[in-house]
Amino acid sequence: MVQRHLTVADLITSLKAFDPGTPVRLALSPEWPFEHYVGPVTGTPHIQPSTGPGDDQPLPGPSEEPSGVVWIRDGGQIGYLPPEAWVELHHDPYGDLPGAA
């Protein structure tokens, strides 16, 4: 199963593949896709991530140091997601999109 909880290190590693001057957008709502600006970033080191059904990332155990959660807010809707981006993002690694096999 694909890991759903990305870490800050995972996100930084993914973003290193792109030019640092490239704008970043959020793609929300896969069936009716809109693009959004990335909003403010904050952290809650005292609140652990929640897990949902089928999540393969356990919460930290007693021997692990809690890391909290980093939050990225939606910075506002721009418009519709370009079709090319939708096609690239529309695969469903979690198998939970409507109509997914």
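One can find the structure itself at the top, above this paragraph.
Residues numbered from 1 in each chain as written. Predicted model: local features only at pLDDT ≥ 70, side-chain atom pairs only at ≥ 80, totals over all residues. Heavy atoms only, no water.

A. Region of the structure containing the sheet that holds strand β2 (residues 34-44). Taken together, the three strands give an open sheet; going across it, the order is β1-β2-β3, and neighbouring strands pair in antiparallel fashion. In this open sheet, the two edge strands, each paired with only one partner strand, are β1 (25-28) and β3 (69-80). The sheet shows a mean angle of 45° between the axes of neighbouring strands, taken without regard to direction. Looking at chain direction, β1 and β2 are connected through four bridges and run antiparallel. Paired with A27 across the two strands is E35, which belongs to β2. (Pairing = 2+ DSSP bridges. Helix = DSSP H or I, 4+ residues; strand = E, 2+ residues; numbered from the N terminus. Axes fitted to C-alpha atoms, helices over the stretch in contact; angles between N-to-C directions.)

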